[in-house]
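This is what each chain is made of:
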Amino acid sequence: MAIFIDADTRVICQGITGSFGALHTKGCLHYGTKLVGGVTPGKGGSADANGLPIYDTVRDAAGATGADATMIFVPPPFAADAVLEAADAGLRVICCITEGVPVRDMVRTRAALDEINQGRPASERQVLIGPNCPGVITPGPKSGSGESASDPYTRSGCKIGIMPGYIHTHASEAESGLAVGIVSRSGTLTYEAVWQTSNAGLGQTTCVGIGGDPVRGVGFIECLERFQADPDTAGVLMIGEIGGTDEEEAAAWAKAHMTKPLAAFIAGRTAPPGRRMGHAGAIIAGGQGDAESKIAALRANGFEIAETPADMGAAMARAMGLG
Amino acid sequence: MKVHEYQARELLADAGVPVPPGRVIESVEDAAAAYKAVTSEAGVSLAVVKAQVHAGGRGKAGFVKLVRTPEEATAAARHMLTHRMISPQTPPEGLEVRKLLIAAGVSIAHEYYLAVTTDRATRRNILIASAEGGVEIEKVAAENPDAILKEPIHPLMGLQPHQARRVAFGLGLSGKQVGQAVRVMLALAGAYDRLDCSLAEINPLIVTPPVGDHPDGQVLAIDAKFNFDDNALFRQKRVAAMFDPAEENPMELRAQRFGLNYIALDGTIGCLVNGAGLAMATMDIIKHYGGEPANFLDVGGSATEEAVTEGFRIILADDAVRGVLVNIFGGIMRCDVIAQAIVNAAKEVGFTVPLVVRLEGTNVEEGRRILQAAKGDIPTMQPATDLADAARKVAAAVG
């Protein structure tokens, strides 16, 4: 089990003929993802370098391939439209990697998605992950070198995004035999966390990069909710950063609803107020959203805190009584 | 992106928000004429001279001056254009002032605060207003939250007149003031959306005492601040053209041209990292081990060898840097690209300070091989096994 995606998830890539889309389509195929096609308007009927069929519209692609998830690499001015096109085609998981989407576009797109999902139970919602995120991965046991699509790294995992696949570990190959869920606002810091949990003898059920933008798709709480319900997830590591109050809200939610071991790290303890540190969301304004208040809220609500970014794997292990 | 007050006033005026007459000058000689123009236009003798810099605290620093004659205007202009402005919000050495706004003075019966911003929690734009204008809104929010009125703005419908009326009455406005304030609020919310702002603030919005054709007083915007969503500048040509490079840190601008995200800080340890979150976390761990980061530098995922080399040039150009930490977790970014850039930078600039390198992820073996081969040329370099090891080593090296 896992959350959002698994070995059966069929994935298309919107923007498959762009340089990033093409590069990461290949990366996902080599990992073992069931990538079944792509979309580039005007190039329908052709195929990409891997022989995947290309369609003009997401509806065409979904209809012909049975895809239920998409990975979006469309440039920022067109990314919001790409998300809405995927939603319109009924795709269940919409993962938008694109960095630099205007906030105004996301405010409107998120409102439209919320309207689509209104009244649906969690399992039937169409989920947006991102934008400005590394994606989502459900690791599988290692099966091959990962150097080609015919010798994939795993045959039962699914990687939708730009993360290096090999750092992830399936529970069956973890020293402890246990796997945790990881949810993060950051990209490379997530890799660091994955690497550390793998080195600490833990596998990962699913790792979700929710993205660094102020307005985005799924947040911490939606991921915590699913990790809590997933029988294979033995604990959750949450990686937040300065800006906004998402971590505080997630901490309060977790106290009321979670029974699994929890650990957290907050980046940006030393960031100067009012400066945007790379992520549009990472800004401390008006005394709200600083690292110390987030850490205090998480600690008060039962999270084991990683004191430094080198302590993330160990903090997760401590929370699970393995440290 | 930030713009100057005079530019924000221009955008407000275009949106239909009334502002007192104003002129922008760049030399002392133009002060008297500007004073005469704005005072005669408004039919008053009072004017205000305001330094145009991207930092607050101008009033207390003496860079906002009321003047009553052309001579006073000239004297104020001379002071501001020949002295650096130092306030709690500027660097210790202060900021050079290049432009001044000279605006007609107005009589004030009451001051209000009005702003639109994006509320992350509700994922909506939100109108914020307070009858306690002219002061720091953060202070009001902390000390007297009930004094702040909020209206969420529908993403498609925009701010509705009934919402603006509710706010106007809530602020205690009456008579013809209400209609005027409603028009200002609708205009501000409209401009926020149309111009892809991240903050549109009028502080203070004022009501004048009764004057000729305004028996209930006139509603005017006295000071304005607009910040914009950098990600939307591609479709905001006019706003993008307002960018003032003179207000930016030259090193940050240089980094920007190479697609690097660099922020200068006060410490002694230069950092080069891929990814914003990891870069922030690297600063945190340096501090944890007793060091002080000299900068935030995220080289991103797709930087070329040349861009990364430029990153090293920028870090090493900072005289305060006494040690450098490279922390790379290769995903899209390949470790061999970073290693080659280190070799290039060593050849070109030379690492005279300690250099600690931690590489992990994509192509790490190749990256380590490149560095091993170049070891003789970079005597100050030492490898680190993980993040904690790297931070410990660099903090120890700079003492």
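### What to know about the overall build of chain B
- Summing up its helical and strand segments, chain B has 13 helices and 16 strands in all.
- Each of the 399 residues in chain B was classed as buried or not, and the buried ones make up 55%.
- Of the roughly 17,000 Å² of accessible surface on chain B, 52% is carried by carbon and sulfur atoms.
- Seen as two clouds, the 40 positive and the 48 negative side-chain charges of chain B have centres 2 Å apart.

### Description of the nonpolar core
- Of all hydrophobic cores here, the largest spans 93 residues; its most connected members are Phe4(A), Met71(A), Ile129(A), Ile160(A), Val208(A), Met238(A) and Phe303(A).
- Looking at this core, the element that brings in the most residues is helix α9 (residues 276-288) of chain B, giving seven residues.
- Viewed by domain, this core spans two of them, domain 1 (10-129) and domain 2 (169-319) of chain A, each represented by three or more residues.
- Excluding residues that lie within four positions of it along the chain, Ile129(A) makes contacts with Phe4(A), Val93(A), Ile94(A), Cys95(A), Cys96(A), Val136(A), Val208(A), Gly209(A) and Val218(A).

### Re the packing of aromatic side chains
- By the definition in use, this model includes five aromatic pairs over all chains.
- When the ring of Tyr191(A) is compared with that of Phe329(B), the centres are 6.2 Å apart and the planes differ by 65°; the resulting orientation is edge-to-face. Here the residue Tyr191(A) occupies a position in helix α5 (residues 188-199), and Phe329(B) occupies one in strand β14 (residues 323-330), the pair thus bridging two chains. Each member of the pair, Tyr191(A) as well as Phe329(B), is classed as buried.
- Considering the side-chain rings of Trp195(A) and Phe329(B), the 6.1 Å spacing of their centres and the 80° angle between planes classify their relative orientation as edge-to-face. Residue Trp195(A) is found in helix α5, and its partner Phe329(B) is found in strand β14; the two belong to separate chains.
- The exposure class assigned to Trp195(A) is partly exposed, which follows from its relative accessible area of 21%.

### A short note on the domain arrangement of chain A
Residue and element names in this part refer to chain A.
- Splitting chain A by domain gives domain 1 (10-129) and domain 2 (169-319).
- Residue-level contacts link nine residues of domain 1 with ten residues of domain 2.
- Interface area for domain 1 against domain 2, summed over the two sides, is near 890 Å², with a carbon-plus-sulfur share of 57%.
- At the junction of domain 1 with domain 2, the criterion picks out zero salt bridges.
- The interface formed by domain 1 and domain 2 includes four residue pairs in polar contact (both at pLDDT 80 or more).
- Contributions of two or more residues to the side of domain 1 that touches domain 2 are made by α4 (103-117) and β6 (127-129).
- Looking at which element gives the most residues to the side of domain 1 that touches domain 2, the answer is α4, with four residues.

### Quick look at the interface of chain A and chain B
- Across the contact, 53 residues belong to chain A and 47 residues belong to chain B.
- Summing the contributions of chain A and of chain B, the shared interface buries around 4,000 Å²; its carbon and sulfur component is 61%.
- Inspection of the region where chain A meets chain B yields five salt bridges.
- Here Arg108(A) and Asp193(B) are joined by a salt bridge, their closest N and O atoms 2.5 Å apart.
- The interface formed by chain A and chain B includes twelve residue pairs in polar contact (both at pLDDT 80 or more).

### Observations concerning the pairing of strand β9 (residues 179-184) of chain A
All names here are of chain A.
- Buried residues dominate β9, accounting for six of its six residues.
- Bridging between β9 and strand β10 (residues 203-209) involves five bridges; their strand directions are parallel. Within β10, the residue paired with Ile 182 across the bridge is Cys 207.
- As defined by bridge partners, β9 adjoins strand β11 (residues 233-241) across five bridges and the pair is classed as parallel. Each bridged residue has a counterpart across the sheet, and for Val 183 the counterpart in β11 is Met 238.

### Looking at the pairing of strand β1 (residues 10-14) of chain A
Residue and element names in this part refer to chain A.
- In terms of residue burial, β1 counts as a mostly covered element, since four of its five residues are buried.
- Regarding the hand of the β-α-β motif, the stretch spanning β1, helix α1 (residues 19-31) and strand β2 (residues 34-39) is right-handed.
- Direction of pairing for β1 relative to strand β4 (residues 69-72): parallel, over a ladder of four bridges. By the bridge assignment, Gln 14 is partnered in β4 with Ile 72.

### What to know about the sheet that holds β11(A)
All names here are of chain A.
- Read from one edge of the open sheet, seven strands run β8-β7-β10-β9-β11-β12-β13, paired in mixed fashion. Of all strands in the sheet, those with a lone pairing partner are β8 (158-161) and β13 (304-305), marking the two edges.
- Where β11 lies against strand β12 (residues 262-267), six bridges are found, and the strand directions are parallel. Across the sheet, residue Val 236 finds its bridge partner in β12, namely Leu 262.
- On the sheet, helix α8 (residues 291-300) packs against β11, β12 and β13 and is oriented at approximately 175° with respect to β12.
- Lying on the sheet, helix α9 (residues 312-319) is in contact with β9, β11, β12 and β13; it crosses β12 at an angle near 155°.

### Observations concerning the sheet that holds β4(A)
Residue and element names in this part refer to chain A.
- Read from one edge of the open sheet, six strands run β3-β2-β1-β4-β5-β6, paired in parallel fashion. Two strands bound the open sheet, and with one partner strand each, they are β3 (54-55) and β6.
- In this sheet, strand β5 (residues 93-96) lies alongside β4 in parallel orientation, the contact comprising four bridges. Directly across from Ala 69, in β5, lies its bridge partner Val 93.

### Considerations on the pattern of salt bridges
- If you walk through the whole model with that rule in mind, you get 36 salt bridges over all chains.
- Between Asp114(A) and Arg123(B) there is a salt bridge, and its shortest N-O distance comes to 3.9 Å. Of the two residues, Asp114(A) sits in helix α4 while Arg123(B) sits in the loop between β5 (110-119) and β6 (124-130), which places them in two different chains.
- According to the relative accessible area criterion, Arg123(B) is partly exposed, its value standing at 25%.
- Beyond isolated ion pairs, a larger network of salt bridges with shared partners links Arg254(B), Glu306(B), Glu310(B), Arg313(B) and Glu348(B).

About the criteria used
Residues numbered from 1 in each chain as written. Chains lettered and ligands numbered in written order. Predicted model: local features only at pLDDT ≥ 70, side-chain atom pairs only at ≥ 80, totals over all residues. Heavy atoms only, no water. Helix = DSSP H or I, 4+ residues; strand = E, 2+ residues; numbered from the N terminus. Buried < 20%, exposed > 50% of the residue type's maximum accessible area, 1.4 Å probe, protein only. Areas by Shrake-Rupley, 256 points an atom, 1.4 Å probe, with all protein chains shown as cover. Lys, Arg positive; Asp, Glu negative; His and termini not counted. Charge placed at Lys NZ, Arg CZ, Asp CG, Glu CD. Core = buried A, V, L, I, M, F, W, Y, C linked by side-chain atoms within 4.5 Å. Domains from an automatic or database assignment. Contact = heavy atoms within 4.5 Å. Phe/Tyr/Trp six-rings, centres within 6.5 Å; stacked < 30°, edge-to-face > 60°. Buried area = accessible area lost by both parts, 1.4 Å probe. Salt bridge = Lys/Arg side-chain N within 4 Å of Asp/Glu carboxyl O. Polar contact = N/O pair within 3.5 Å; in protein donor to acceptor, adjacent residues only side chain to side chain. Pairing = 2+ DSSP bridges. Right-handed = clockwise from strand over helix to strand, strands pointing away. Axes fitted to C-alpha atoms, helices over the stretch in contact; angles between N-to-C directions.

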